[in-house]
Amino acid sequence: MRVTVRPGGDDAVRVAVDGAPERVVALAELGKYQIQIDRSADEDRLSAVGRGLFDTLFGAGAATPEDGARLLLDLADAAPQVLALPWELMQAPDDAWLFGGEHRPAARVVADRKPPAPLCAPVEMLVVAGDADRTGDLGVAAEIDAIYHAVSGLPACWNVEVLVEPAMDEFIAAMRTERHILHFIGHGEQRPGGRAKLRVESGWSINPAVIASNQLPCPRLVVLNACRTAGETAAVRGVGAAFLTAGVPAVVTTQGDVRAQAGVAFARELYGALAEAVPVDVAVARARARLLWSRPRFRDHEWAVPVLTVATAPEHALRVTRPGDAVALLAAVPEPASDTIRQMVDRCDVRRAVWSWLRDASGLLAIHGEAKAGKSTVAQWTMLTARVHGTPAAAIEADGRLDYAGLLRRMVAAVEAEVGPQAAGPAQRFRAALDGAAPAVGVVRPSDDPLDPDRVAGLFATFAEAAVPAAGIVLVIDPFTPVAGDADVLTRLIVPAAKGELGRVRLVLVDRRFDAALRSRGDVEVQLFHREDVVRLADEFCVRLRGLSRYREKAPTEDQWHSITRRIKQWAGGRAEPDALARVRAYELVDAEGQARRAVLDVEES
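Conventions adopted
- Residues numbered from 1 in each chain as written.
- Predicted model: local features only at pLDDT ≥ 70, side-chain atom pairs only at ≥ 80, totals over all residues.
- Heavy atoms only, no water.
- Helix = DSSP H or I, 4+ residues; strand = E, 2+ residues; numbered from the N terminus.
- Buried < 20%, exposed > 50% of the residue type's maximum accessible area, 1.4 Å probe, protein only.
- Contact = heavy atoms within 4.5 Å.
- Areas by Shrake-Rupley, 256 points an atom, 1.4 Å probe, with all protein chains shown as cover.
- Lys, Arg positive; Asp, Glu negative; His and termini not counted.
- Charge placed at Lys NZ, Arg CZ, Asp CG, Glu CD.
- Pairing = 2+ DSSP bridges.
- Axes fitted to C-alpha atoms, helices over the stretch in contact; angles between N-to-C directions.
- Salt bridge = Lys/Arg side-chain N within 4 Å of Asp/Glu carboxyl O.
- Disulfide = S-S within 2.5 Å.

Peer 1: How would you summarise the overall build of the protein chain if you had to cite specific residues and measurements?
Peer 2: When helices and strands are counted, the protein chain shows 22 helices and 23 strands. Principal-axis analysis of the C-alpha atoms places the extent of the protein chain at approximately 100 × 55 × 50 Å. Residue burial in the protein chain is summarised as follows: out of 606 residues, 54% are buried. For the protein chain, restricting intrachain contacts to residue pairs at least 6 apart in sequence, the fraction spanning at least 24 positions comes to 77%. When the accessible area of the protein chain is evaluated, it comes to approximately 25600 Å², of which 50% is carbon and sulfur surface. Averaged over its 71 positive side-chain charges, the protein chain has a centre that lies 1 Å from the centre of its 81 negative ones.

Listed below in structure tokens is the structure:
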């Protein structure tokens, strides 16, 4: 259902519902419904305004639109005073809030642009906290936790990066990489005669000039949770309009004061729904319904504060495709590898580098870094990511007893196990040919008559051509050191992989360091964490704990969860240092969790 509101002269608007004859409504009549949506507005007052707005658009006594009907309020040509009205409060004669039902998605429309092309997972999300919230009044930490929690079940499909009070150049650099969602938490500000802006406490602001002059790539969705007081509404609306003008397909702003706990709940529901790949207007409807039907925990007005405005069809604003079912694929990963993937925190740059490598289809990825930095975790995560994007992946166990032919045997076995029947026949033929070329049991070949490596390479190429599917396969060798000294492994397997000469077979090598030549096509360095970031990392880590296998058989009580996470965060607080040279290894977070779990559960269960 489409309702169009357009100018009808200096003192009136024209309203049409689904192309029906237009009705003329005086602006003075609409002006009666301009109220401040804040804690002073009780439900009776909100209902009176909502019914008046409904009658204005649909006519007195009109029937409630059916559930499931998408409501689009076309305000493309509307005057500022019309845009400022609280349309989200519209209430039908049967008391149904038109924007408050989960089964009736609704949005404001200000343009009808060509829909953007679908994007392939992962969804790249940037969260900017303009205020570090040292007093806790804004609920910044809780809102970031809610976002992490909402998408934590899809580790290969969402990448969430957080910037707290970033410098302007840091924000612009982050936005210049592909970002599909921008979520801002903080304060808006607009002084009389001044420009609208979102304040960043490091000494600058996000304002229309920053948005326009830096020619930043447009996200698919911008969410501005920056209205903690009624006076900030105009600023948030102004910055939201600037993003829409710049080309963003969908923007969520606020039109009144909202408490931190309501903003946190809205974010959790919004991104939980988006993680299910539902359209953005459906996701906003779910989040609004959560606030509406959770009163008195949330105040009467808070559900109507979020405003979704789109410049294209809402079902196309954030279309995400992923070839594989990430939830099912993660559930199929055996333990403890599944836990290793689930508890991987941060690593935003590493994740982007892996995704870039998977998209570019180069043949070799070298994952390197210091001991205990988390290289194997990244390798496990890379395998899951490949599978989610439709590419089979498998791990190879390498040890010092393997030569070139032995390593190929294990690679063939791994392909057969991952791909299934398609690889069974070619694998059998490879082994038979290799066994036929090998010396009989008890017979020692002379030193000048080794198994011909060229023939072995040819056998593997024949196998790969027949067994590896069109999507290719990713094979992880972790660690690479045990076989790195074999000259044939380097010259006939690794170097050809780096040159893209292994066909559909792609290799991931994991070790502390690699020769520069092997890192030329794909290179991921897993660094130690900065001590100054450890508190933020611990917050993200704690959100991920509930999905781990060690908590499934007997889940802790809520009090026990609180005790475990409190101990981890206390440990992080003790490790945090402003010294940029101080580092924390990835396993230290896991160790801290283990100590907290034993301290809480062992004591309380005894």
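Once the structure has been displayed, the description carries forward.
Peer 1: Account for the sheet that holds strand β11 (residues 197-200), naming residues and giving values.
Peer 2: Pairing within the open sheet is antiparallel, and its 3 strands lie in the order β10-β11-β12. A single partner strand is all that each edge strand has here, and the edge strands are β10 (187-189) and β12 (204-206). Strand after strand, the sheet turns through a mean of 45° between neighbouring axes, direction not considered. Pairing analysis gives 3 bridges linking β10 to β11, with the strands arranged antiparallel. Each bridged residue has a counterpart across the sheet, and for Gly188 the counterpart in β11 is Leu198. Against the sheet, helix α7 (residues 233-246) contacts β10, β11 and β12, and its axis sits at roughly 105° relative to β11.

Peer 1: Describe the pattern of salt bridges, naming the residues involved and giving the relevant values.
Peer 2: Enumeration according to the criterion identifies 35 salt bridges in this entry. Here Arg51 and Asp95 are joined by a salt bridge, their closest N and O atoms 2.6 Å apart. Here Arg51, found in helix α2 (residues 43-58), pairs with Asp95, found in the loop between α3 (80-83) and β5 (106-109); they are 44 residues apart in sequence, far enough to count as distant. Arg51 sits in the partly exposed class, given a relative accessible area of 35%. Looking at Asp95, the relative accessible area reads 43%, which means it is partly exposed. The residue Glu418 makes a salt bridge to Arg387 at a minimum N-O spacing of 3.2 Å. Placement of Glu418 in helix α15 (residues 404-419) and of Arg387 in helix α14 (residues 375-388) is noted, with a sequence separation of 31 residues between them. Overlapping salt bridges bring together Glu124, Glu161, Arg179, Asp349 and Arg352 as one network.

Peer 1: So what's going on with the environment of Gly374? Residues and values would help.
Peer 2: Counting through the fold element by element, Gly374 comes out in the loop between β17 (364-369) and α14. The class of Gly374 is buried, set by a relative accessible area of 14%. Through-space distance from the C-alpha of Gly374 to that of Val109 is 46 Å; in sequence the pair is 265 residues apart.

Peer 1: Go over the state of the cysteines, please, and point to the residues and values.
Peer 2: Summed over the entire model, instances satisfying the criterion amount to 0 disulfides. Of all cysteine sulfurs, the one in Cys157 lies closest to Cys120, which takes part in no disulfide; the gap is 8.8 Å. Assessed through its relative accessible area of 41%, Cys120 is described here as partly exposed. The thiol of Cys542 is unpaired, and the distance to the nearest cysteine sulfur, on Cys348, comes to 17 Å.

Peer 1: Would you mind going over the pairing of strand β3 (residues 23-26) in detail, with residue names and values included?
Peer 2: Consecutive residues of a regular strand have side chains that alternate between opposite faces of the sheet. One ladder, built from 4 bridges, connects strand β2 (residues 12-17) with β3; its direction is antiparallel. If you follow Arg14 over to β3, its bridge partner there is Val24. Connecting β2 to the next strand, β3, in antiparallel fashion are 5 residues, including Asp18 with a positive phi near 50°.

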